[in-house]
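If you want the building blocks of each chain, they are given just below.
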Amino acid sequence: MTKKSIYTAFSILLILFLQVFVLDHVYFLGFINPIIYVIILLLYPVEHNRALYLIAAFLLGLLIDTFQDTGGAHATSCLVLAFSRPFLLRIIYGESYKMKNLKIIQSNFDRLLLLLILGILIHHFIFFNLIYFNMSHILMAVKDTFAIGGLSLLISLLVIYLVKPKVVR
Amino acid sequence: MQQIINFLIKYRNLLLFLFLLVISISLTVQSHDYTRYQFIHSSGNFTGGALSSKQSVADYFNLKQVNQELANENAKLRMLLDGLKADTLRIDTTTVIAQSTYKVIPAKVIKNSFLKKDNYLTLDIGEKNGIEPDMGVITDKGIIGIIDRSNSNYSRVISVLSSDLSINAQIKGSNVIGSLKWDGQDPYYLSLEDVPRLAQVKKGDTIITGKQSTLFPPNIEIGTITKAELIDNGAKYKIDVQLFNDLTDLGYVYVVKNKILPQLKEIDTLGLND
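Residues numbered from 1 in each chain as written. Chains lettered and ligands numbered in written order. Predicted model: local features only at pLDDT ≥ 70, side-chain atom pairs only at ≥ 80, totals over all residues. Heavy atoms only, no water.

A. Region of interest: the interface of chain A and chain B. The partner chain B presents 33 residues to the 32 residues of chain A that form the contact. Of the roughly 2,900 Å² buried between chain A and chain B on both sides combined, carbon and sulfur atoms contribute 73%. Across the salt bridge formed by aspartate 69 of chain A and lysine 111 of chain B, the nearest N and O atoms sit 2.9 Å from each other. On the surface where chain A and chain B come into contact, there are six residue pairs in polar contact (both at pLDDT 80 or more). Of all the elements in the fold, those that place two or more residues in the side of chain A that touches chain B are helix H3 (50-68), helix H4 (73-93) and helix H5 (109-132) of chain A. Considering every element that reaches the side of chain A that touches chain B, the biggest residue donor is H3 of chain A, with eleven residues. When grouped by side-chain class, the residues that make up the side of chain A that touches chain B number 20 nonpolar, nine polar and three charged. (Contact = heavy atoms within 4.5 Å. Buried area = accessible area lost by both parts, 1.4 Å probe. Salt bridge = Lys/Arg side-chain N within 4 Å of Asp/Glu carboxyl O. Polar contact = N/O pair within 3.5 Å; in protein donor to acceptor, adjacent residues only side chain to side chain. Helix = DSSP H or I, 4+ residues; strand = E, 2+ residues; numbered from the N terminus. Nonpolar A, V, L, I, M, F, W, Y, C, P; charged D, E, K, R; others polar.)

B. Geometry of the packing of H5 of chain A against helix H6 (residues 138-163) of chain A. All names here are of chain A. Two elements in contact, H5 and H6, have axes whose closest approach is 8 Å; the angle formed by their N-to-C orientations is 140°. When the axes of H5 and H6 are compared, the pair comes out oblique. By crossing handedness, the relation of H5 to H6 is classed as right-handed. Of the residues belonging to the contact of H5 with H6, the class tally is 20 nonpolar, six polar and one charged. (Axes fitted to C-alpha atoms, helices over the stretch in contact; angles between N-to-C directions. Parallel < 35°, antiparallel > 145°, perpendicular 65-115°, else oblique. Left-handed = near helix turned anticlockwise from the far one by under 90°.)

C. How the structure looks around the side chain of asparagine 151 of chain B. Residue and element names in this part refer to chain B. Note on placement: asparagine 151 falls in the loop between strand S4 (142-150) and strand S5 (155-162). Polar contacts involving the side chain of asparagine 151 include one to the main-chain amide nitrogen of asparagine 153, which spans 3.0 Å. Residues contacting asparagine 151, with those up to four places away along its chain left out, are Ser43, Gly44, Asn45, Gly126 and Glu127.

D. Seen up close, the packing of aromatic side chains. Within this structure, the stated rule accounts for eight aromatic pairs over all chains. When the ring of phenylalanine 21 of chain A is compared with that of phenylalanine 67 of chain A, the centres are 6.4 Å apart and the planes differ by 80°; the resulting orientation is edge-to-face. Of the two residues, phenylalanine 21 of chain A sits in helix H1 (residues 2-22) while phenylalanine 67 of chain A sits in helix H3, which places them 46 residues apart along the sequence. Both residues of the pair, phenylalanine 21 of chain A and phenylalanine 67 of chain A, count as buried. Judged by centre distance (5.1 Å) and plane angle (70°), the ring pair of phenylalanine 127 of chain A and phenylalanine 128 of chain A falls under edge-to-face. The residues phenylalanine 127 of chain A and phenylalanine 128 of chain A share a single accessibility class, namely buried. Linked through ring pairs, Phe17, Phe21 and Phe67 of chain A together constitute an aromatic cluster. Above the plane of the ring of tyrosine 120 of chain B lies arginine 156 of chain B, whose end atom (NZ or CZ) is 3.9 Å from the centre. (Phe/Tyr/Trp six-rings, centres within 6.5 Å; stacked < 30°, edge-to-face > 60°. Buried < 20%, exposed > 50% of the residue type's maximum accessible area, 1.4 Å probe, protein only. Lys NZ or Arg CZ within 6 Å of the ring centre and 35° of its normal.)

E. Quick peek at the sheet that holds strand S9 (residues 206-209) of chain B. All names here are of chain B. Read around the closed barrel, six strands run S6-S7-S8-S11-S10-S9, paired in antiparallel fashion. Taking each pair of neighbouring strands and ignoring which way they run, the sheet shows an average axis angle of 40°. When strand S8 (residues 189-196) meets strand S11 (residues 236-243), the two strands line up antiparallel, connected through six bridges. Bridge pairing in S11 places proline 196 opposite lysine 236. (Pairing = 2+ DSSP bridges.)

F. Spatial organisation of the nonpolar core. If you look at the biggest cluster of nonpolar residues, it comprises 65 residues, and the most contacted ones within it are Tyr37, Leu89 and Ile104 of chain A. Only H1, helix H2 (38-43), H3, H4, H5 and H6 of chain A together with helix H2 (12-31) and helix H3 (45-59) of chain B provide two or more residues apiece to this core. Ranked by residues supplied to this core, first place goes to H4 of chain A with eleven residues. When sequence neighbours within four positions are dropped, the list of residues in contact with leucine 89 of chain A reads Val46, Gly94, Tyr97, Leu102, Ile104 and Leu115 of chain A. Counting residues in hydrophobic clusters, the runner-up holds 47 residues, among them Val109, Val160, Leu180 and Leu192 of chain B. (Core = buried A, V, L, I, M, F, W, Y, C linked by side-chain atoms within 4.5 Å.)

G. Summary view of the pairing of S11 of chain B. Residues and elements named next belong to chain B. Residues Tyr237, Ile239, Val241 and Leu243 of S11 are buried on one face, while the alternating residues Lys236, Lys238, Asp240 and Gln242, pointing to the opposite face, are not. The pairing of strand S10 (residues 221-231) with S11 spans eight bridges and is antiparallel. Each bridged residue has a counterpart across the sheet, and for alanine 228 the counterpart in S11 is isoleucine 239.

Structure (structure tokens):
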């Protein structure tokens, strides 16, 4: 158990490090700045304590906000994502996902991919709308959501297979 | 009463969600105002420290280029000094520095952004080095922004690439002034607005900081005019200015402190009280 928590903590730190110190300084094609820390929220073990999960999501977003000077945009989008994750899980893994003792990271690739796509779309769409903060720029927000979301998805998949535990529990 | 408690217990997660949502949205709204009362920012000791240690690693990779740029600037200043030598020979350099209106403090950029609607930079110097809000930030190639907030060791700059900022500027060689703004699109271009219709505007003219600006020294070259069009039924010009500075690639900058700013402000308030 302790070994597993150390492993989880190490993975989370690695992802945050990658986000803040590497990916925040990557400008692919001049404007694509991938956001991958969202996978921490998506792969978080299926919650028994939902309040704790919401607070953790809020604080995670706030931490990224301090590094990027985005006010509360990351915090808001993380919070909405965390709140909507049970609905996503219900759509993807079926109504009974809570009974099955679901381990998201060990699940089938197609379902994991679907979860990542939906999660990244929700997060990025809210985030870029809050960044532009102007309804007339909604098309630009949509463009950013898809362009940046695409690369975020690709890098997220790479990172997941990098930190994924080898032993199937 | 029992029902209220039951309601609270049943919907506690939803209520927590709404509570946190209100906090985060208000932080976001606050960040879109040009105020320095923001709670979430990158110039805190923890964030600043983390960013500055990352930057010190990254610095090794462009030492050569930075050296080259500094040498170029030195050469330019040496030529300038040579031109002034006739006047300065008899004066001690310390007196020249003491008499100048502006104090210039070098700083290193440890964080930069240019893709958002409002962009900020973080510098590795703070109140310990005499940095205060409302000081201008420049490089040898033009203007960068204005100090927005500072703590003891780090300070944050609101970049010229921000929707809220407008800077007094003028066309070199004339007294035509306007305000320089960013439309949020291209980080290499700003637009000069409120230029009257009768002003002489030519493509290729240089834009410099205006004499009315209290934040920046006058006559700093900012960029060149690439396009000018009449707007508002031909009442005034909207001019596209290509910047000399590459705001996407910044290493070292200078913070400029206007030593006579308190006096200037005092005179301004005198006028208002009349």
